[in-house]
Amino acid sequence: MAGSTLASATVSAIPAAAPRVGPWREAWRRFRKHRLAVLSAVILGLLVLAVLIGPLVWQVPIDEIDFSARLQGPSWEHPLGTDDLGQDLLARILYGGRISLAVGFAAMAVAIFVGVLVGAVAGMAGGKVDTALMWLTDLFLSLPELPLLLLIIYLFRDTLTGLVGLELGVFILIVSVIGGFRWMPVARLVRAQFFSLREKEFVEAARALGASRPRLVMRHILPNALGPVIVAASIDVAAAIIAESTLSFLGLGFPPDVPTWGRLLFDAKDNLDFAPHWALFPGAAIFLTVLSINFIGDGLRDALDPRRIISA
Amino acid sequence: MTENDLRRLLARVKEGTLSRRGFVKRMAAVGFTAPMATQLLAITGAAPAAAQSVPEYKPTRRGGGGALKILYWQAATLLNPHFAVGTTNQEASRVFYEPLAGWAADGTLYPILAAEIPSVENRGLAEDGRSVTWKLKRGVKWHDGQDFSADDVVFNWEYARNPAVAGVSIGSYRDVNVVKVDDYTVRVEFQKPTPFWADAFVASRGLIIPKHLFKDYAGSNARDAPTNLRPVGTGAYRYVSFAPGDMLRAELNPNYHRENRPYFDTLEIKGGGDAVSAARAVLQTGDFDYAWNLAVEDEILKRLEAAGRGKVNIVEGGGIEFIQLNATDPNQEVDGERASIRTEHPAFRDPAVRQAMSYLVDRNALEQFIYGRGGPATANFLNNPPRFRSTNMRWEFSIQKANEVLDAAGWARGRDGIRAKNGTRLKFVFQTSVNAPRQRTQAIVKQAAQRAGIDIELKSVTASVFFSADVANPDTYTKFFADMQMYTTTMPQADPQLFMNQYVSWEISSKANNWQGRNIVRWRNEEYDRVYREAEGELDPVKRAALFIRMNDLIVGSNHVIPLVKRPTVSGSLNNLRHILSGWDNTHWLLSDWYRET
Amino acid sequence: MFQYLIRRLLIAIPSLLGISVILFTVLALAPGDPFEELATNPAIPPEVRANLRASLGMDDPIHLRYVAWLTSMLRGEWGFSFVSRIPVDQLILQRLPTTIIVIGASQVLALAIAMPVGVYAATRPYSLFDKVANTLAFVGFSLPTFFTGLLLIMLFSIQLGWLPFVFRTDIEATGWRWWWEMFRQSIMPIMVLGLFQGAAWTRFVRSAVLDVIRLDHVTTARSKGLPESVITLKHVVRNAMIPVVTLVALQMPVVFGGAIVTEQIFRVPGIGSLLISAILANDTPVIMAVTFVFATLVIFFNLLADILYGWLDPRISYR
């Protein structure tokens, strides 16, 4: 089992200093070879750019109601058509994209951070700490979301919006709520990986060599446990974008006139047979985001995988 | 038609020179079709017109109609009418239980378990308005074969008025006294002259449950009654099975007391899902015969109707969608109470601002593009029955006029385009419940207001919170801790007395009454209070109607209440289904008479 | 091992109690009450609503309500639904079979898709099969179930008219016809849920298999000349199962809890729709009962997963 030590050696090189070829440069080199991932990164970059700059270029107001142009298909005047109030869908998708993307990434970050933290601590410590943390995980898994959400709105909305303003307050609430309800699978996944990895030979070896616990975790175990985490992260972005739309139906989300992607999709669903474009474009936007994030995830995974021999 | 004309007509009916039907026809011609036409006759001593309000029933024998399938997108959860929180439960109970009389679409009473509708002429109504005597139909049997009698009726009064039972019908029974005259006669006695007597034992709150099955459960153990879930009634269909929140099944009652009825052999009511797919299941695929309350944008309904299988039914009632402009200040606390009655709204205390808000609501667009046939624009708060409808109110959508009014009143635009005066900015929070058409309406109002220099922040609260009586929650509509709010209020009876008490000063919703008061907009007006008191005791129906019209004009004229659209009930049915609907009673009020044309 | 199991089971009792306290507090503090529809009806005096609240005990202090709930729960009484006024256990039992059939079948379907597709895709990374499978998976979880459900209805019920979209628990047929009708009406909800879940699981399986496929013992096995299929099944899949077992265990309680959105779309009378209507109506006894059973299942299946880890990877020790 000589290969195991090899694996750990490569892995330990990831976070910091290493001789000759820098590990980050190595990872970047591997990532670049993953054509789909590079393409996806470009697409995602374009999407982000579009929602950031787009509203400056396409200056149609998002809430301009025009009853003479209701449910119109794409045209020069409205490149993505209009909704049932005659509002321009391109402007709405661009504007809503900022929020959807921001919510998606931020909520994913919260979920992954909390999940990895809880999972790693539980998986490493075991015993009482593990029991306590898994109790917490079980608790969060069993809490019914809706009443809790209503409670959170009721308890915190006014205080928070009073503190940091409406938009930011709502953003913080949404991100913490979505993130707060999605970290548990990550925690359990990471913990399970840790259980398995911490008994592996290369970890034993590192331990025998006197590696400290944090070092053991950061350098040897965690990088090897990242596979499912990356998958979970890429799935969570999509889930968060969709979850945001359900929240606004509880009065927790952004005010009802903010056209996030999930909300556009929801509003469009009843008109699916008469105005398919209304659902098509926000749906495609979510899909493109998910697609590119997942391929980037694949690329990252391959790039960071110590055992991967580049062939693709 | 003046009061004098009306009196002359009534006199002619009494003399016999004008038939009762002729009278109702004339009243209809001048917009008086209401239940009041009948009540007019009843109270002034002429018997009610024979109910021509119900279409003819064509089938000539009982049964043979196969299955009737009804779809409710909210599901019934229990089958005891006295516990029926919400319409779906009332509807489900109505399949099995019947009242003494129901309200037909034109607002006339139609006898069901009563032998006839009480009137002064048949000595059913006391001249002083203090009692009403009901004669019961004979030969009616409960589904288990027992006889229906006056004892059952009296029992329902005892049951419903008992606070330990904790029923929802208590309001109709606690202030009356019910006496058994003989086995087939009961008398309802009132504490004071009561112009509107048709409440107890009538329509949705008047469903009669059998004494012999409920008498052991007429206290705090009411919820243990097995019959709560296995109803035994007098209706045209009898119980087969019930899964709360899902499916109710019934079958033809071979001993039903009305001949040749019912037509269908079996009945099923499926619950759950959403309104749009319910519309699809009837109008597009024809899987179901009837879908209840299609709260769907009319545009979609019209497109579904184009499939040619079914049609949309619009039935007028008293429901109204409206905006309230808070009379008190939600952002100021007095003794720990927000929106205290001791405060005044900083902007809405200026009539010009309220006038401007009224100008900024495009009711035409709401009707045309959102509610369609399900929401005709209106200038009145009290729209039905037609005899109570004011002709004095107008509405207009004009951003220009709104701007002019505000300019004239000294509300000048600031650098950000938002108007202000003496440090008060026209920046309002506009709340409503989560509901697609309401969010659309919010967007339309917001945009118009923007153009008049008014900034509106939209807020939507989930319906179960918005409409709850939860004292702890700040987002309920009765607290109204916002500048503006919008919802629909319904009128369950063809009489406006209960409906119009929502603007009297003693009903103001405040901390002192746990925000249970009905005057939510917290508007006070001495004249309104006085007129309302007058109407409560006014036995002359013509004067009484005039009083209610005055009340409507007062509240709408203040612009604290901005009526938007009427909300008739909208349902869908297959083209060959013949149903009888009424805006003043449940959908199933005359389910016994539904049939299919072949 | 056995000792570990006993210890975990003993710990489960106080942790369930703790969870129940928190659940109860959240529900009691959450805003709203069951009388929404009474509110806009002028014929119902406000004090009637106040009385109703009081008669249901909704105005009592939380700790008293909790103790009352706990003592009756210990006696096996689940309480009465505020809305239906019937015992909660009846409500749940009525819906349990449908939930288990529909949701259970969808989970089986998800697993049946995810395992072979994920494993096969991982053994041939970046092959055409892998790319197609991945793209389909992305479509699967980037479209919310309310949307895919509607798409299926539009296609199969409205355009083609093949399948019914209103689920019925009482099909008036027997024998083969019953099974056929049941199949016809269940297939769309099962597909919607199964494909959504399957899509996500496929990604996890693929990733897990990729993680082990180049491990040394696999290379060793390959160098020993074992057939590829044996290698995949014996050496790869078993080792890749840990994340999969974790995820499946996380998902199992849902078979009881139902799927709210899908049940709503297809009108499947499952526990999910019971829960959502109970939540919207603030029917606390029902919510409490469903979530409490749910919590028990969460704890049980996670415990089961912990034990399975040891079976899958004997090196994992229990401390």
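All chains use their own residue numbering, which begins from 1 and follows the written sequence. Written order decides the labels, with chains lettered from A and ligands numbered from 1. In keeping with the predicted nature of the model, local features appear solely for residues at pLDDT of at least 70, side-chain atom pairs appear and are counted solely at 80 or more, and the whole-chain, interface and lining totals rest on all residues. Excluding hydrogens and water, the side-chain values take into account all heavy atoms of the structure.

Chain C is annotated in an unreviewed UniProt entry as ABC transporter permease of Neoroseomonas eburnea. In its Sequence similarities (unreviewed entry) section, the UniProt entry covering chain C states "Belongs to the binding-protein-dependent transport system permease family." UniProt positions are given in the numbering used here, feature names are shortened, and annotations may be inferred rather than shown by experiment. Its UniProt record gives chain C a comment under Subcellular location (unreviewed entry), which states: "Cell membrane".

Looking at an unreviewed UniProt entry, chain B carries the name Peptide ABC transporter substrate-binding protein, with the source organism given as Neoroseomonas eburnea. Regarding chain B, the UniProt comment filed under Sequence similarities (unreviewed entry) reads as follows: "Belongs to the bacterial solute-binding protein 5 family." Note on chain B: under the UniProt heading Subcellular location (unreviewed entry), the record states "Periplasm".

(A) Structural detail: the overall build of chain C. Across its full length, chain C carries 13 helices and zero strands. Each accessible area is a Shrake-Rupley result for a 1.4 Å probe, and residues are judged covered by the shown protein chains and nothing else. Looking at chain C as shown, the accessible area adds up to about 13,100 Å², and 71% of this sits on carbon and sulfur atoms. Numbering of helices and strands runs from the N terminus, with a helix taken as a DSSP run of H or I at least four residues long and a strand as a DSSP run of E at least two residues long.

(B) Structural view of the packing of aromatic side chains. Ring pairs shown here join Phe, Tyr and Trp side chains whose ring centres sit within 6.5 Å, with only the six-membered ring taken for Trp; geometry is labelled stacked below 30 degrees between planes, edge-to-face above 60, and tilted in between. The full count for this structure, using the stated rule, is 43 aromatic pairs over all chains. Their ring planes at 90° and their centres at 5.2 Å tell us that Phe295(A) and Phe138(C) sit as a pair that is edge-to-face. Residue Phe295(A) is located in helix H12 (residues 276-304), and its partner Phe138(C) is located in helix H6 (residues 128-142); the two belong to separate chains. Note on Trp180(C) and Phe183(C): the rings are 5.9 Å apart at their centroids and 25° apart in plane angle, and the pair reads as stacked. Of this pair, Trp180(C) and Phe183(C) both sit in helix H8 (residues 175-213), three residues apart, roughly one helical turn.

(C) Quick peek at the interface of chain A and chain B. Whether two residues are in contact is decided by their heavy atoms: any pair within 4.5 Å suffices. Listed as interface residues are 26 residues of chain A and, on the opposing side, 30 residues of chain B. Accessible surface is computed with a 1.4 Å probe, and the buried area is the amount of it that two parts give up when combined, taken over both parts together. Interface of chain A and chain B: buried area, both sides summed, is about 2,500 Å²; carbon and sulfur atoms make up 53% of it. The term salt bridge refers to a pairing of a side-chain nitrogen on Lys or Arg with a carboxyl oxygen on Asp or Glu at a separation within 4 Å. Counting the contacts that link chain A with chain B gives one salt bridge. The salt bridge involving Arg440(B) is made with Asp267(A); its shortest N-O contact spans 3.8 Å. Contacts described as polar in this section are N or O atom pairs within 3.5 Å, which, within protein, must combine one atom able to donate a hydrogen with one able to accept it, while residues neighboring in sequence count only if both atoms come from side chains. Inspection of the region where chain A meets chain B yields zero residue pairs in polar contact (both at pLDDT 80 or more). Among the elements of the structure, helix H6 (145-164) and helix H11 (261-268) of chain A are those that each provide at least two residues to the side of chain A that touches chain B. In terms of residue count, H6(A) provides more of the side of chain A that touches chain B than any other element does, three residues in total.

(D) Local environment of the sheet that holds strand E4 (residues 131-135) of chain B. All names here are of chain B. Think of it this way: DSSP has to see at least two bridges between two strands before they count as a pair. Reading across the sheet, the three strands line up as E4-E6-E5 and stay open at both edges, with antiparallel pairing between neighbours. The sheet is open, and its two edges are formed by E4 and strand E5 (176-182), each paired on a single side. Neighbour-to-neighbour, the strand axes of this sheet turn through a mean angle of 20°, independent of strand direction. In this analysis, axes come from line fits to C-alpha atoms, helices being fitted only over the stretch in contact, and the angle between any two N-to-C directions falls in the range 0 to 180 degrees. Set on the sheet, helix H5 (residues 150-161) makes contact with E5 and strand E6 (185-190); between it and E5 the angle comes to about 165°.

(E) Representation of the UniProt feature "transmembrane region" (unreviewed entry) in chain C within the structure. All names here are of chain C. The UniProt record annotates "transmembrane region" (unreviewed entry) at residues 9-30, 100-123, 135-162, 182-201, 244-266 and 286-312. Between the end C-alpha atoms of residues 182-201 the distance is 27 Å, and the span holds 100% helix and 0% strand. Within residues 244-266, the helical portion is 91% and the strand portion 0%, while the C-alpha atoms at the span's ends are 29 Å from each other.

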